[in-house]
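A closer look at the structure
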Amino acid sequence: MKRFFLFSFLLLSPIAVQAAPSMQEMSLKVTEEFILPAYDDFAKQAHAQSELWGETCDAEKLKPAFQKTSDAWAKVQHINFGPITSLLRRDRLYHWPERRNSISKSINKSLADKDPASLDLDKFASTSVALQGLPALERLLYSDGLLDGDFACKLGHTIALNIEKIATGTDKDWQEALVNIKEGIAHPIYFESMDEVAIRFFTEMLAGFQMITDQKIALPLSSSLKKANGKRAEGWRSNRSTRYIQQNSLALMAMAKPFMSFMPDDVEKQVVAQFTVFARAANALPLSIKDGVKDEEGRAKIKKFLDETRTTRNLLVQTFTKHLGLTVGFNSLDGD
Amino acid sequence: MDRRDFLRLGSAAFTTATFFPQLSFAGTLPHGWLNGFKDNQGRYGVAYIDQKLQAEVLFHTPLRLHGIYKHPTRDLIVAPARRPDTELYVFDVTTKSIKVITADEGRHFYGHGQFNQDGTLYFTTENAYDEERGMVGVYDVTQGFKRIAEWSSGGIGPHQMRLYKNRLIIANGGILTHPDTGRATLNMDDMAPNLTYIDITTGQITQQFSLSEDLQHLSIRHIDVDDNGIVYMGLQDQVKNRRDLPLVWKTNGDTLDMMDEPVEGWEIFNGYIGSVSTNTHGLCVASPRGGCAHIWDQTGTTYIKQKDVCGVSKNADGSFILTSGEGIVRDLDGQNQRHALHFDNHCQAV
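Here goes a summary of the coordinates provided. From a predicted model like this one, the values you see are computed outputs, not experimental measurements. Each chain carries its own residue numbering, running from 1 in the direction its sequence is written. The naming scheme follows written order: chains are lettered A onward, ligands numbered 1 onward. With the structure being a predicted model, the display of local features is reserved for residues of pLDDT at least 70 and the display and counting of side-chain atom pairs for 80 or more, all residues being used for whole-chain, interface and lining totals. Processing note: side-chain calculations cover all non-hydrogen atoms of the structure and skip hydrogens and water entirely.

Helices and strands together make up the secondary structure of chain A, namely 14 helices and zero strands. Helix and strand definitions here come from DSSP, where helices need a minimum of 4 consecutive H or I residues and strands a minimum of 2 consecutive E residues; each element is numbered from the N-terminal end. Taken from N to C terminus, the helices and strands of chain A fall in the order α-α-α-α-α-α-α-α-α-α-α-α-α-α. As defined in this context, the radius of gyration uses C-alpha atoms, and a globule is described by 2.2 Å times the residue total to the power 0.38. In terms of C-alpha radius of gyration, chain A reaches 22 Å, essentially the compact-globule figure of 20 Å for 336 residues. Across its three principal directions, the C-alpha atoms of chain A cover 80 × 50 × 40 Å. Residue exposure (1.4 Å probe, protein chains only): buried if accessible area is under 20% of the type maximum, exposed if over 50%, otherwise partly exposed. Relative to its 336 residues, chain A shows a buried fraction of 57%. Excluding contacts between residues fewer than 6 apart, the proportion of contacts in chain A whose partners are at least 24 apart in sequence is 78%. For accessible areas, the Shrake-Rupley method is used with a probe of radius 1.4 Å. Any residue's cover is judged against the shown protein chains and nothing else. Only carbon and sulfur atoms are counted for the fraction: they give 53% of the accessible area of chain A, which is about 14200 Å². Of the charged side chains in chain A, 43 are positive and 42 negative; the average position of the first set lies 7 Å away from that of the second. Only heavy atoms matter for contacts: two residues are in contact if any of them lie within 4.5 Å across the pair. When charges are counted, Lys and Arg are positive and Asp and Glu negative, with His and the chain ends excluded. Where a charge lies is defined by one atom per residue type, namely NZ (Lys), CZ (Arg), CG (Asp) and CD (Glu).

Right, dumping it as structure tokens:
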């Protein structure tokens with residue numbers, strides 16, 4: 001047994017590192033420089049979208065607002081921590097990937113029932129999550145002939161109002177949580193400590209990389225050209241299958257930035273350089289993942305991007321844990 | 001061990017499986033626990049934990065291990081690699097010999113296995129990846145772990161297995177993967193996890209359980225069975241849109257029942273149960289992503305905060321021990337030890 005302890009001692013030889021910033025400092029900087037502006041923008045775009053739905057039911061006029069709201073959502077899509085977890089906000093906002101065409105089924109049922117009472121905003125919040133969020137709005141706007149008639153227009157407007165309510169509620173709750181973060185104290189609902197805030201921001205960022213690889217790419221790419229199915233890509237109806245990924249990639253870089261300001265200059269440069277390579281690979285993706293997975297050239301570009309996604313994530317794990325004192329559990333990071 | 005031995009052992013351990021040169025016990029492995037680990041130099045292997053919660057490296061392996069199983073009567077320790085790797089390690093503690101078995105063509109292991117009651121057969125969960133089918137590999141222990149048969153697991157992505165009498169119980173996690181795309185989930189939108197029973201005398205499926213349609217994205221991955229044949233299941237949410245879904249279930253006759261929701265809510269598990277263990281008094285699950293373990297027993301439910309905890313196993317006193325990625329081994333009576341090892345997902349009593 002003595003030998004084992006000697007062995008353990010050798011393994012535990014300390015590595016000289018500069019003092020890590022406090023968890024509160026990092027939590028505050030990320031909240032102020034990324035979280036709040038991103039949710040604020042999402043709330044603004046969602047508000048503009050619902051206003052427009054109050055004025056028109058012309059799909060062509062509404063589509064740009066949908067695209068802007070979706071872009072703003074893409075910036076925070078990877079976050080599953082804090083106010084977005086309350087009141088089933090995330091599930092109601094973005095029911096994806098869907099199973100068994102549940103969104104179309106929900107819309108078709110609503111359009112067939114034409115029940116005006118179902119469009120009461122408070123009641124609408126407890127209807128099927130498949131009917132409540134951005135994917136349902138996309139279906140209405142981009143499916144031929146679906147946005148037709150008074151009830152369909154009212155349904156679209158209700159969905160837009162519901163998205164706005166979720167977005168503004170989330171934004172407001174983050175503004176309130178900022179007070180706790182500034183004071184370095186627990187929040188009664190969302191976090192117990194500054195350690196938790198900083199570490200969750202970090203792990204949500206890592207989960208963002210996994211969201212891209214596992215959900216947005218693996219699903220349509222599948223294991224072979226023969227099995228590829230572009231219609232499993234996210235947002236393919238609104239031609240967003242690549243744009244979502246590119247926007248997510250930019251968001252991950254933007255969220256990493258406030259963390260990186262606490263790193264030694266040379267390490268920060270190294271991470272920024274890798275993010276640049278990552279962004280370049282995202283920009284080189286086929287114009288549409290939906291179509292790109294169906295040809296060898298497109299698949300090669302997608303696989304190159306997958307490689308860079310993994311490299312970037314691994315570099316973040318390595319540098320953030322070493323220089324920022326952000327601990328990510330061995331089992332939590334990669335379980336089975 | 002001098003510096004030269006240490007360096008030799010270190011470099012060898014990255015490429016091949018090796019026994020640690022000196023073990024503290026001779027002959028038969030004493031009662032305790034086995035746990036996979038990663039050390040601070042990035043080496044993987046298997047550690048033995050004794051009754052005083054001291055840990056000792058038994059051997060190093062070039063690959064990360066997962067479920068580790070001791071033969072019911074012999075000092076053989078068997079560990080299949082995690083997906084998508086293809087090695088199955090058989091360590092003979094008595095002779096200090098190591099045998100590496102490679103998965104059949106077109107198959108890889110999933111990190112879990114199970115001996116039959118007399119230890120003549122060893123079963124593994126495997127992926128027939130081009131066919132997109134879950135399989136059970138059947139190995140004859142008496143013929144040096146020769147693969148003698150394979151059965152359908154009854155689903156996609158089989159993970160942990162347990163044995164109750166002549167029934168092999170399989171958690172088909174429902175997650176489709178292919179070695180060409182690593183560990184990425186290829187079927188998040190049409191997963192169909194299930195719990196399957198196979199009669200090991202025939203290889204035939206005798207019973208299956210599924211969750212309701214709205215819970216099909218919860219992968220059934222880890223299970224344990226009690227003395228009455230009740231199976232307990234720990235689930236992992238693959239979509240992660242919400243945190244309030246029930247993640248611990250048990251069989252009740254022909255149906256599945258969810259366990260009572262923890263007082264603190266299902267949210268405490270952060271969508272992920274990593275290990276399940278039952279003993280004569282109750283059930284314990286561990287959630288590294290929730291940083292906690294949770295117990296259901298006659299006294300109710302108990303929340304145990306422990307960072308990166310995942311290994312859980314029954315203790316001789318009818319309680320449980322827990323291991324964590326931070327090197328902690330603890331029981332529930334306040335005894336704990338910290339080691340310079342990151343303990344991997346599963347802890348197995350021997």
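Turning our eyes to something else, we now look at the nonpolar core. All names here are of chain A. Core analysis: the biggest nonpolar cluster contains 97 residues, and Phe-259, Phe-320 and Leu-326 have the highest contact counts within it. A domain split of this core shows at least three residues from each of domain 1 (20-178 + 187-191) and domain 2 (193-326). Excluding residues within four positions of it along the chain, Leu-326 makes contact with Met-23, Met-26, Ala-198, Ile-199, Phe-202, Phe-259, Phe-320 and Thr-321. What is meant by a nonpolar core is a set of buried Ala, Val, Leu, Ile, Met, Phe, Trp, Tyr and Cys residues, joined one to another through side-chain atoms within 4.5 Å. What counts as a domain boundary in this text is fixed by an automatic or database domain assignment.

A few words on the interface of chain A and chain B. Between chain A and chain B, the contact holds 41 residues from the first and 65 residues from the second. Summed over both sides, the interface of chain A with chain B buries roughly 4500 Å², with 49% coming from carbon and sulfur. Each of two parts loses accessible area, computed with a 1.4 Å probe, when they are put together; buried area is these two losses added. Of all residues in chain A, Arg-99, Phe-330 and Asp-336 of chain A bury the most surface against chain B, accounting for 20% of the area lost on that side. For salt bridges, the criterion is a side-chain nitrogen of Lys or Arg within 4 Å of an Asp or Glu carboxyl oxygen. Between chain A and chain B we count 13 salt bridges in total. Of the charged contacts, one joins Asp-91 of chain A and Arg-242 of chain B as a salt bridge, the two residues approaching to 3.6 Å between their closest N and O atoms. Think of a polar contact as two N or O atoms within 3.5 Å of one another; within protein, one of them needs to be a possible hydrogen donor and the other a possible acceptor, and neighboring residues in sequence only count if both atoms come from side chains. Where chain A packs against chain B, one counts 27 residue pairs in polar contact (both at pLDDT 80 or more). Three classes are used: nonpolar for Ala, Val, Leu, Ile, Met, Phe, Trp, Tyr, Cys and Pro, charged for Asp, Glu, Lys and Arg, and polar for all others, with Gly counted as polar. A breakdown of the residues in the side of chain A that touches chain B according to their chemical character gives 16 nonpolar, eleven polar and 14 charged.

Working definition: rings of Phe, Tyr and Trp (its six-membered ring) pair if their centres are within 6.5 Å, and the pair is stacked with planes under 30 degrees apart, edge-to-face with planes over 60 apart, and tilted otherwise. Tallied over the entire structure, the rule returns 26 aromatic pairs over all chains. Ring centres 5.7 Å apart and planes at 40° place the aromatic pair Phe-42 of chain A and Trp-73 of chain A in the tilted group. In this pair, Phe-42 of chain A sits in helix H2 (residues 23-55) while Trp-73 of chain A sits in helix H3 (residues 59-76), placing the two residues 31 residues apart along the sequence. This pair shows no difference in class: Phe-42 of chain A is buried, exactly as Trp-73 of chain A is. Between Phe-115 of chain B and Phe-145 of chain B, the ring centres sit 6.4 Å apart and the planes meet at 75°, which makes this aromatic pair edge-to-face. Remark: Phe-145 of chain B occurs in the loop between strand S11 (133-140) and strand S12 (146-152) and Phe-115 of chain B occurs in strand S9 (residues 107-115); sequence separation between them is 30 residues. You'll find Phe-115 of chain B and Phe-145 of chain B in the same group, each marked buried. Connected via pairs of aromatic rings, a cluster forms that spans Tyr-39, Phe-81, Trp-174 and Phe-201 of chain A. When the ring centre of Tyr-244 of chain A is taken as reference, the NZ or CZ atom of Arg-240 of chain A above it lies at 4.3 Å. Sitting over a ring, as applied to charges here, requires NZ of Lys or CZ of Arg to be within 6 Å of the ring centre and within 35 degrees of the ring normal. Its guanidinium or amino end placed over the ring of Tyr-272 of chain B, Arg-289 of chain B lies 4.0 Å from that ring's centre, counting from NZ or CZ.

Here we take up the sheet that holds strand S27 (residues 328-331) of chain B. Residue and element names in this part refer to chain B. A pair of strands is treated as paired once DSSP finds two or more bridges between them. Spatial ordering of the open sheet is given by S25-S26-S27-S28, a layout of four strands whose pairing is antiparallel. The sheet terminates laterally at strand S25 (309-314) and strand S28 (336-338), the two strands that pair on one side only. The mean inter-strand angle of the sheet, taken between neighbouring strand axes irrespective of direction, is 15°. For S25 and strand S26 (residues 320-324), the ladder comprises five bridges, and the chain directions are antiparallel. Looking at the pairing, Val-312 lines up with Leu-322 of S26. Between the N-to-C directions of two axes lies an angle of 0 to 180 degrees, each axis being a line fitted to C-alpha atoms and, for a helix, fitted only over the stretch in contact.

With that settled, the discussion passes to unusual backbone geometry. In this model, Trp-96 of chain A is joined to Pro-97 of chain A through a cis peptide bond whose omega is -5°. Examined against the element boundaries, Pro-97 of chain A turns out to sit in the loop between helix H4 (89-93) and helix H5 (102-113). With an omega of -5°, the peptide bond between Arg-83 of chain B and Pro-84 of chain B qualifies as cis. Its place among the elements puts Pro-84 of chain B in the loop between strand S6 (76-80) and strand S7 (87-92). With a phi close to 55°, Lys-96 of chain B is a non-glycine residue in the positive phi region. Counting through the fold element by element, Lys-96 of chain B comes out in the loop between S7 and strand S8 (97-102). The phi dihedral of Phe-145 of chain B falls on the positive side, at around 65°, and the residue is not glycine.

This part takes up the packing of H3 of chain A against helix H7 (residues 134-142) of chain A. Packed helix pairs are characterised by how far apart their axes lie and by the angle those axes make with each other. Residue and element names in this part refer to chain A. The contact between H3 and H7 brings their axes to 10 Å, and the two run at 155°. If you check the angle between H3 and H7, you find them roughly antiparallel. For the pair H3 and H7, the crossing hand works out as left-handed. Along the contact surface, H3 presents Ala-59, Leu-62, Lys-63, Phe-66, Gln-67, Thr-69, Ser-70 and Trp-73, while H7 presents Leu-134, Leu-137, Glu-138, Leu-141 and Tyr-142. For the contact of H3 with H7, the class distribution of residues is eight nonpolar, three polar and two charged. Here roughly perpendicular refers to angles of 65 to 115 degrees, roughly parallel to angles under 35, roughly antiparallel to angles over 145, and oblique to all remaining angles. The handedness criterion is simple: a crossing whose near helix is rotated anticlockwise from the far helix by less than a right angle is left-handed, and one whose near helix is rotated clockwise is right-handed.

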